[in-house]
Amino acid sequence: PKMAKTVMPGDVVATMQESRSKRMFGCGISQDGENLVAIRAGQLRTVGENQSKTGIEMRMWIDSNTKRYVPVDEDLVIGIVVDKRTEDYRLDVRGPSYGVLSALSFEGATKRNKPKLEIGSLVYCRVSNSYRDAESELSCLSLTYKKGWMTGQAVFGELEGGHMIETSIGYARSLLLPENVVVNCLGRHLAYEIAVGCNGRIWIKSDSVAKTILIANAIRNAEFLDPSRTESMIEQLIKHLQG
Amino acid sequence: CRSPNRSGGHVRMRGMACEAGGLGGCDGAARLSHGGTTSIAGIVGPREAKASSRDSDESRVVVHVSAQGGGGWRRDTEEVVRQTLEALIMRSYNPMCVIDVTIQPLSDDGSSMAASINAAIAALIDAGVPLRFAAAAVCCAVMEDGTIVSDPSREQETKAVGTCTFVVRIPNEEIVSSIPSGFVQEKSYLAAMEAACSEAHIVSAFLRMAMEQKISRERQCWGDV
């Protein structure tokens, strides 16, 4: 069962004594002597687990909404190429440091046949290894979907055309939920393509500039609206476009 | 809200206001007021530091205060604020990075230093910078008759024998920093320190409330992520 409570930095979340070998602590929680304390403000999440399977009774972590991204393994992010080197590219992923994307880590890429990215290109990729004190490693290889980069149907890779906007991390993550109101409501009225990066970047592409601008504005506005108001906001924008 | 003044040796704080977020170019920001004194703080970081100023174990903290006409800010007070925030921030979390803190006092009706430090702390929390503990700054003035006034107005500050801004760790009331001015007796200084410790709980609880409002509004708009 999921429970949520708001915590501030310095709040004691658990003690070592009651947690030893039973609980797993994730991001936002740190050890301070006998106590486990929150180091960020956010929602404390507690998820119970089947202890007989994994040996862990409960997982705890803190969800905080920030503007700066903290790289985490297996996050899907949108990076901007800032440097092009012989063997790899450096990408800005809105984190404390840049990310490194090897030139060959694309599906079906070989030394003779690999994508050529320019400075300023947008790349949809995953964080394969994140480090606290070094640049994180990124990859455009998918673990499940094996279509080559040349076919244009690979999951990861360069995002061509379209328009990108930046929002806060928490909001971008909420767009990934299947029941998200904005994405679904827009989909009922328009056909469009969207890529959401866990680092707060959202890329949109549709068949006309006006539609793309509408979608970008709708997504930006919905960050501060109740779900009930979001639908009417989108309907008003659509009416304005068509009328 | 305004708390009524108590008779006796200790005069309590004015009402506070705080607004988190809102500055476009920053990762975290806060605008905080004690009565008529307002300060705004913006945080950019943690982000990669230049090669010449990198520290392989910890992040560096840089504080800029843009105070027009002084207002009690000098290079050494900037340095004390930097050391205070360094004690508060968990620096080992982001080695090779720099955290830029910019503070701007907007209006000064007394206790400007405390408002500025509290704004910086609120902005750090808003930016999601990892912090070791909760802390709050309180300014206390010692008057001629020995009364301690917490969060003095400008008028009270000019009449005081001395003032001191304390940064207190919550909940165990350890003093993180003390920024004094003027000349007071030892027992007055210790009384001011005690007053600051008790008021710091209120400031910290207020910051918690301000953050909770922001977080619950986000939950309401975005659903339970």
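Scroll up to find the structure.
Residues numbered from 1 in each chain as written. Chains lettered and ligands numbered in written order. Predicted model: local features only at pLDDT ≥ 70, side-chain atom pairs only at ≥ 80, totals over all residues. Heavy atoms only, no water.

**A word on the interface of chain A and chain B**
The line we're drawing: Contacts are assigned to residue pairs with any non-hydrogen atoms lying within 4.5 Å of each other. Accessible-area loss on putting two parts together, using a 1.4 Å probe and summing over both, is the definition of buried area adopted here. Here, a salt bridge means any Lys or Arg side-chain nitrogen found within 4 Å of an Asp or Glu carboxyl oxygen. A 3.5 Å cut-off defines polar contacts: any pair of N or O atoms within that distance qualifies, except that in protein one atom must be a possible hydrogen donor and the other a possible acceptor, and neighbouring residues in sequence count only when both atoms are side-chain atoms. In this description a helix means any DSSP run of H or I spanning at least four residues, a strand means any run of E spanning at least two, and both kinds are numbered starting from the N terminus. Following the grouping adopted for this structure description, the nonpolar residues are Ala, Val, Leu, Ile, Met, Phe, Trp, Tyr, Cys and Pro, the charged ones are Asp, Glu, Lys and Arg, and the polar ones are all others, Gly among them.
Between chain A and chain B, the residue contacts involve 39 residues of the former and 40 residues of the latter. For the chain A and chain B pair, buried surface summed over both sides reaches about 3100 Å², with 52% attributable to carbon and sulfur atoms. The three residues of chain A that bury the most area against chain B are Met8(A), Arg68(A) and Arg132(A), which together make up 19% of that side's buried surface. At the junction of chain A and chain B, the tally comes to 3 salt bridges. Put simply, Arg68(A) and Asp27(B) hold a salt bridge, and the shortest N to O gap is 2.6 Å. The interface formed by chain A and chain B includes 9 residue pairs in polar contact (both at pLDDT 80 or more). Looking at the side of chain A that touches chain B, the elements that each hand over two or more residues are strand S1 (2–7), strand S4 (29–32), strand S6 (42–48) and helix H3 (169–174) of chain A. Element by element, the count of residues in the side of chain A that touches chain B is highest for H3(A), at 4 residues. Its residues assigned to classes, the side of chain A that touches chain B comprises 14 nonpolar, 11 polar and 14 charged.

**Things to note about the sheet that holds strand S2 (residues 16–20) of chain B**
All names here are of chain B. We count it as follows: The criterion for strand pairing is that DSSP finds at least two bridges linking the strands in question. For helices, the fitted axis covers only the stretch in contact; all axes are lines through C-alpha atoms, and the angles between them, taken along N-to-C directions, range from 0 to 180 degrees.
Spatially, S2-S3-S4-S6-S5 is the arrangement adopted by the 5 strands of the open sheet, whose pairing is mixed. Both outer strands of the open sheet, S2 and strand S5 (60–65), are each paired with one neighbouring strand and no more. Shown here is a sheet whose adjacent strand axes are inclined to one another by a mean of 15°, direction ignored. Where strand S3 (residues 28–34) lies against strand S4 (residues 37–48), 7 bridges are found, and the strand directions are antiparallel. Bridge pairing links Arg31 to Ile40 in S4. Sheet strands in contact with helix H1 (residues 75–88) are S5 and strand S6 (97–107), and its direction is about 140° off that of S5. Sitting on the sheet, helix H4 (residues 186–222) touches S2 and S3, and the angle it makes with S2 is about 40°.

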